[in-house]
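Here is what each chain is made of, one letter per residue.
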Amino acid sequence: MGRMNFMPLWEAPTVILLFTDKRCIGNPELNLGILGQNMVIAAHSMGLGSCWIGLVKALNRMPKWKKIFDIEYPYELKEAIVLGYPVGE
C-alpha cells in the first residue's frame, strides 16, 4: 500500500490560521466561527473560493507543525481557511 501524503492545507496560495488563547474565558470558538464565516463570505464576494479546514486541530499534536506555525502555550490552533481562485465550476 502506498504512503499517503498529508496535505492538510491543499497547497493553497493563501492560508488563514485561526487560533484561540487557552486562558480565554467566554466563547472563543463562537467568535472564531463568526470571524471565519465573514471572511468566507467576503472572499466569495471577490470571486475567491474558500475551504474551511477543521482538521488542522490535529496539527497541535504534531511537533513538526507546531514548530512550523510557532504554536506555543497559551495559543492553540483551532481552524484554518484556505483561499484561492477556484478551478473549474
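Attention in this report is confined to the structure presented alongside it.

### Quick notes on the sheet that holds strand β2 (residues 49-53)
Here's step 1: The antiparallel open sheet is built from 3 strands, whose spatial order is β1-β3-β2. Every interior strand has two partners, whereas the edge strands, β1 (14-21) and β2, have only one. Ignoring which end each strand starts from, the neighbouring axes of this sheet average 20° apart.
Here's step 2: For β2 and strand β3 (residues 75-84), the ladder comprises 5 bridges, and the chain directions are antiparallel. Note on β3: the bridge partner recorded for Gly 49 is Gly 84.

### Considerations on the side chain of Lys 78
Here's step 1: For Lys 78, the position within the fold is in strand β3.
Here's step 2: Polar side-chain contacts of Lys 78 include one of 3.3 Å to the side chain of Glu 76.
Here's step 3: Residues in contact with Lys 78, not counting those within four places in the same chain, are Leu 18, Phe 19, Thr 20, Glu 29, Leu 32, Gly 54, Val 56 and Lys 57.

### Let's talk about the nonpolar core
If you look at soluble globular proteins, the nonpolar side chains tend to sit buried side by side.
Here's step 1: Among the nonpolar cores identified, the biggest contains 9 residues, and these are Ile 53, Val 56, Leu 59, Trp 65, Phe 69, Ile 71, Leu 77, Ala 80 and Val 82.
Here's step 2: A per-element tally of this core places β3 first, with 3 residues.

### Some words on the pattern of salt bridges
Here's step 1: One pass over the full model with this rule turns up 3 salt bridges.
Here's step 2: Of the charged contacts, one joins Arg 23 and Asp 21 as a salt bridge, the two residues approaching to 2.7 Å between their closest N and O atoms.
Here's step 3: Taking relative accessible area as the criterion, Arg 23 reaches 52% and is therefore assigned exposed.
Here's step 4: For Asp 21, a relative accessible area of 21% translates into the label partly exposed.

Calculation criteria
Residues numbered from 1 in each chain as written. Predicted model: local features only at pLDDT ≥ 70, side-chain atom pairs only at ≥ 80, totals over all residues. Heavy atoms only, no water. Pairing = 2+ DSSP bridges. Helix = DSSP H or I, 4+ residues; strand = E, 2+ residues; numbered from the N terminus. Axes fitted to C-alpha atoms, helices over the stretch in contact; angles between N-to-C directions. Polar contact = N/O pair within 3.5 Å; in protein donor to acceptor, adjacent residues only side chain to side chain. Contact = heavy atoms within 4.5 Å. Core = buried A, V, L, I, M, F, W, Y, C linked by side-chain atoms within 4.5 Å. Buried < 20%, exposed > 50% of the residue type's maximum accessible area, 1.4 Å probe, protein only. Salt bridge = Lys/Arg side-chain N within 4 Å of Asp/Glu carboxyl O.

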